[in-house]
Amino acid sequence: MQLKKLPIGIQTFSKIREGDYVYVDKTQIAYDLINSYSYVFLSRPRRFGKSLFLDTLHNIFEAKKEYFKGLAIEDKWDWDVSYPVIHINFAGGKIESRDDLEDKWSELLEINANRLELDCGDVFDRKYFSTLIREAYKKYGQKVVILVDEYDKPILDNITKPEIAEQIRDGLVNFYSVIKASDEVLKFAFLTGVSKFTKTSLFSGLYNIVDISMHENYADICGYTQKDVETTFKPYLKGVDMEELKSWYNGYNFLGSDMYNPFDILLFIDNNHKYQNYWFETGTPTFLIELIKKNNYFLPSLTNLRVDEKLLSSFDINNLDFEVILYQSGYLTIKKVVPKLRGGST
């Protein structure tokens, strides 16, 4: 029996399904999420599957039933209804100024307007974003879905330059506030990123957004569980010492299952079971390395670090807690959270 191809570097759901690549079914989680909340935020490390999950949502809302054959959601979702989707992705390129941010927004809004076949004018600014949402609602007769990938990347690209980072943050607040103002015509909004900035600094208008980053029901939303590794990937791991595999790559925990980084597992298989720090070599956020250099952090002091709930909290540009950044970037994991007065452990 020929094994399916590995989806290394593929973040497009349709490509995975059309190309018959290995796919770990996350559609039950997607279904539960859509039916539980209207505004959702998720923080996960880079190369953990956020973009693929976001694109899966995109295909669900656009009722692309042909891609969901045999998956958990196939017989649950109403495929007769299609929703207009505005998909914003900051992953590409680096934004180094407020002007760069404005240009990027213009580009992203124009891409969405063209895909939705909408003509809302020729000035792609904050007002255009609002018009785009409402015109999409009018044209398609269904409430609008907004998906934002790497919402925080423009800030993190400049995290060692607080003045520029603040200007970019203020620009993002202007755009994200449009989501709140469009509540009556929105079906669902989902934002993902590496970090979790305070609501007062970035989500000031989205006070009703629900953070599921550390919600036990959604702990497995991205990444591979032990069960996934032992079932879906079993044919690819013949002869592998599963305990050693676990010691190398099963180091993540979001108050649910212990998780494997999918990038590590896929490259481990592709490289003939060679143990290597695949994620660290390609997924390490540049902003984190710059912070370490700039502030001369003593990394050995993080060994056996004791922490409390601050690891689950957010941070702001002018109040950067290094342990929080490490956790939210995927370098620290916690197996259990205990009350603040008692402390905790990594």
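Placed above this text is the structure.
Small disclaimer: the values here were computed from a predicted structure and weren't measured.

Asker: Explain the overall build of the protein chain to me, using residue names and the numbers behind them.
Answerer: When helices and strands are tallied, the protein chain shows 13 helices and 7 strands. Considering the protein chain as a whole, with its 346 residues, one finds that 52% of them fall into the buried category. For the protein chain, the accessible surface area stands at approximately 16,200 Å², while carbon and sulfur atoms represent 46% of it.

Asker: Quick rundown of the packing of aromatic side chains? Include the residues and the values.
Answerer: Within the structure shown, the criterion is met by 23 aromatic pairs. Each member of the aromatic cluster is reached from another via a ring pair, and the members are Phe 41, Phe 90, Trp 105, Phe 129, Tyr 151, Phe 175 and Tyr 176. A cation over an aromatic ring shows up here: Lys 5 above the ring of Tyr 21, its NZ or CZ 4.4 Å from the ring centre.

Asker: So what about the side chain of Lys 153? Which residues, and what values?
Answerer: Relative to the helices and strands, Lys 153 is located in helix α6 (residues 153-156). With a relative accessible area of 11%, Lys 153 lands in the buried category. Here Lys 153 is in contact with Arg 46, Phe 90, Ala 91, Gly 93 and Lys 94, once residues within four sequence places are set aside.

Asker: Which residues make up the nonpolar core, and what values go with them?
Answerer: Ranked by internal contacts, the top residues of the largest apolar core, which has 42 residues, are Leu 33, Phe 188, Phe 190 and Ile 221. For this core, the secondary structure elements donating two or more residues are α1 (13-18), α2 (27-34), β1 (39-43), α3 (50-61), β3 (144-149) and β4 (186-193). In this structure Phe 188 touches Leu 33, Ile 34, Tyr 37, Ser 38, Val 40, Leu 57, Phe 61, Val 144, Val 145 and Ile 146, once residues within four positions along its chain are discounted. The next biggest cluster of nonpolar side chains, apart from the first, holds 39 residues, and it includes Ala 113, Ile 159, Ile 179 and Ala 189.

Asker: Could you give me a rundown of the packing of α2 against α3, with the residues and numbers involved?
Answerer: For the pair α2 and α3, interaxial distance at closest approach is 11 Å and the crossing angle is 65°. Judged by the inter-axis angle, α2 sits roughly perpendicular to α3. As α2 runs across α3, the sense of the crossing is right-handed. Touching Thr 27, Ala 30, Leu 33 and Ile 34 of α2 are Phe 53, Thr 56, Leu 57, Ile 60 and Phe 61, all from α3. The residue makeup of the contact of α2 with α3, split by class, is 7 nonpolar, 2 polar and no charged.

Asker: If you had to explain the environment of Gly 9 to someone new, which residues and values would you point to?
Answerer: With respect to the helices and strands, Gly 9 occurs in the segment before α1. When the C-alpha positions of Gly 9 and Gly 49 are compared, they lie 9.8 Å apart, and in sequence the two are 40 residues distant.

Asker: Quick one: what's the story with the side chain of Ser 213, residue by residue and with numbers?
Answerer: Turning to its location among the elements, Ser 213 is positioned in the loop between β5 (210-211) and α8 (226-231). If near-sequence neighbours (up to four positions away) are discounted, Ser 213 is found in contact with Phe 41, Leu 42, Ser 43, Arg 44 and Phe 254.

Asker: Can you explain the pairing of β1? Please cite residues and give values.
Answerer: For β1, a buried count of 5 out of 5 residues is recorded, marking the element as mostly surrounded by other parts of the structure. Two strands pair when backbone bridges link them, and β1 and β4 are joined in this way by 5 bridges, in the parallel orientation. By the bridge assignment, Ser 43 is partnered in β4 with Gly 193. Bridge count for β1 against β5 is 2 bridges, and the pairing is parallel. Residue Phe 41 lies in a different strand from β5, and its bridge partner there is Asp 211.

What counts, and where the lines are drawn
Residues numbered from 1 in each chain as written. Predicted model: local features only at pLDDT ≥ 70, side-chain atom pairs only at ≥ 80, totals over all residues. Heavy atoms only, no water. Helix = DSSP H or I, 4+ residues; strand = E, 2+ residues; numbered from the N terminus. Buried < 20%, exposed > 50% of the residue type's maximum accessible area, 1.4 Å probe, protein only. Areas by Shrake-Rupley, 256 points an atom, 1.4 Å probe, with all protein chains shown as cover. Phe/Tyr/Trp six-rings, centres within 6.5 Å; stacked < 30°, edge-to-face > 60°. Lys NZ or Arg CZ within 6 Å of the ring centre and 35° of its normal. Contact = heavy atoms within 4.5 Å. Core = buried A, V, L, I, M, F, W, Y, C linked by side-chain atoms within 4.5 Å. Axes fitted to C-alpha atoms, helices over the stretch in contact; angles between N-to-C directions. Parallel < 35°, antiparallel > 145°, perpendicular 65-115°, else oblique. Left-handed = near helix turned anticlockwise from the far one by under 90°. Nonpolar A, V, L, I, M, F, W, Y, C, P; charged D, E, K, R; others polar. Pairing = 2+ DSSP bridges.

Everything listed here is a matter of coordinates, which is why it stays silent on function.
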